[in-house]
Amino acid sequence: MRKYLERKIILSNILIVSIIFAFILCVKFDRNLYVGANEVAPTIDVKEITINDEIIDNVEIKYNWQIAIPKINLIAPISEGSDIVTLRNNVGHITGTGLSKGNISLAGHTNTANYKNGIFYFDRINELDVADMVYYRINNQDYIFKVENKKVVSENDLSVLGESEENKLTLITCIEGQRRNRLIVICTEYENIKI
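Given the structure is predicted, the values throughout are model-derived calculations rather than measurements.

A.B. asks: Teacher, can you tell me more about the pairing of strand 5 (residues 133-138) here?
C.D. replies: Within a regular strand, side chains alternate between the sheet's two faces. Within strand 5, six of the six residues are buried, leaving the element largely enclosed by the surrounding structure. Burial of strand 5 is two-sided: the residues Met133, Tyr135 and Arg137 facing one way and the residues Val134, Tyr136 and Ile138 facing the other way are all buried. Two strands pair when backbone bridges link them, and strand 1 (residues 66-69) and strand 5 are joined in this way by three bridges, in the antiparallel orientation. Paired with Ala68 across the bridge in strand 5 is Tyr135. Here six bridges tie strand 5 to strand 6 (residues 141-154), and the two strands are oriented antiparallel to one another. Bridging from a neighbouring strand, Ile138 pairs with Gln141 of strand 6.

A.B. asks: What is the right way to look at the pattern of salt bridges in this model?
C.D. replies: Two side chains carrying opposite charge are able to pair once their charged atoms lie near each other. Summed over the entire model, instances satisfying the criterion amount to six salt bridges. Across the pair Asp132 and Lys71 runs a salt bridge whose closest N-O atoms are separated by 3.0 Å. Remark: Lys71 occurs in the loop between strand 1 and strand 2 (74-80) and Asp132 occurs in the loop between strand 4 (103-107) and strand 5; sequence separation between them is 61 residues. Assessed through its relative accessible area of 37%, Lys71 is described here as partly exposed. For the salt bridge of Arg182 with Glu155, the shortest nitrogen-to-oxygen distance reads 3.3 Å. Remark: Glu155 occurs in the loop between strand 6 and strand 7 (168-175) and Arg182 occurs in strand 8 (residues 178-194); sequence separation between them is 27 residues. Of the residues examined, Glu155 reaches a relative accessible area of 28% and is grouped as partly exposed. Look at the salt bridges and you will find they share partners, linking Lys71, Asp129 and Asp132 into a network.

A.B. asks: Which parts of the structure should I look at to understand the packing of aromatic side chains?
C.D. replies: Any aromatic ring pair is given by two values, namely how distant the centres are and how the planes are angled relative to each other. One pass over the full model with this rule turns up one aromatic pair. Relative to Tyr143, the ring of Tyr136 has its centre 6.2 Å away and its plane inclined at 45°; by these criteria the two rings are tilted. In terms of burial, Tyr136 and Tyr143 fall into one category: buried.

A.B. asks: Hey, could you run me through unusual backbone geometry in this one?
C.D. replies: It is generally the case that most residues other than glycine have a negative phi and that most peptide bonds are trans. Backbone geometry at Asn73 places phi at a positive 55°, although glycine is not the residue there. Looking at the secondary structure, you find Asn73 in the loop between strand 1 and strand 2. Located in the positive-phi region is Asn140, a residue other than glycine, with phi close to 60°.

A.B. asks: Would you take a moment to explain the nonpolar core for this structure?
C.D. replies: The nonpolar side chains of a soluble globular protein tend to be buried, and buried together. The biggest cluster of nonpolar side chains holds 26 residues, and the ones touching the most others in it are Ile67, Leu106, Tyr136, Leu169 and Leu171. Elements supplying a minimum of two residues to this core: strand 1, strand 2, strand 4, strand 5, strand 6, strand 7 and strand 8. When sequence neighbours within four positions are dropped, the list of residues in contact with Tyr136 reads Trp65, Gln66, Ile78, Leu99, Ile104, Leu106, Gln141, Asp142, Tyr143, Phe145 and Leu169. Counting residues in hydrophobic clusters, the runner-up holds eight residues, among them Leu87, Ile94, Val153 and Ile172.

Calculation notes
- Residues numbered from 1 in each chain as written.
- Predicted model: local features only at pLDDT ≥ 70, side-chain atom pairs only at ≥ 80, totals over all residues.
- Heavy atoms only, no water.
- Buried < 20%, exposed > 50% of the residue type's maximum accessible area, 1.4 Å probe, protein only.
- Helix = DSSP H or I, 4+ residues; strand = E, 2+ residues; numbered from the N terminus.
- Pairing = 2+ DSSP bridges.
- Salt bridge = Lys/Arg side-chain N within 4 Å of Asp/Glu carboxyl O.
- Phe/Tyr/Trp six-rings, centres within 6.5 Å; stacked < 30°, edge-to-face > 60°.
- Core = buried A, V, L, I, M, F, W, Y, C linked by side-chain atoms within 4.5 Å.
- Contact = heavy atoms within 4.5 Å.

Treat this as a map of the structure, not an account of what it does.
In structure tokens form, the structure reads like this:
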């Protein structure tokens, strides 16, 4: 299963590199034809459209339903619900939000004064930056997301749980010293891998 995934990733990367190379040649060709002496041709940021193979290889599958965030060394099981008991030992899937499509919303504890017992899986999600990778697995299917945005909302702001036509992952946790606020990390789907 892992070899199949590795082959698929290698082939995907070869395809991506080929497309980038072809695009660069086209841009270079177009630049010679159309760009005047004082004009600047557009550049391509290759980092934005390639996946770091080293990070993918380091994602360990421990649970059938899990979230993994290599940047903060997180691999956590997911369970249905966002009540105190569920979040004590798992990241909680917020009931009524997407499971594999739409807005998949997950909640986890941060080590604040309010929660002295349990595992604080989302204790470091504040360290995530735009473009960091997040991996989500459900029913033997893996999804890759990248961080798109971080924001703080009131604990009563449920708009972050709204339906979405595009696939996204919404991570929610408390903020130390801000009891009535929540940190929201919004991730958009990057690639879908079927194993």
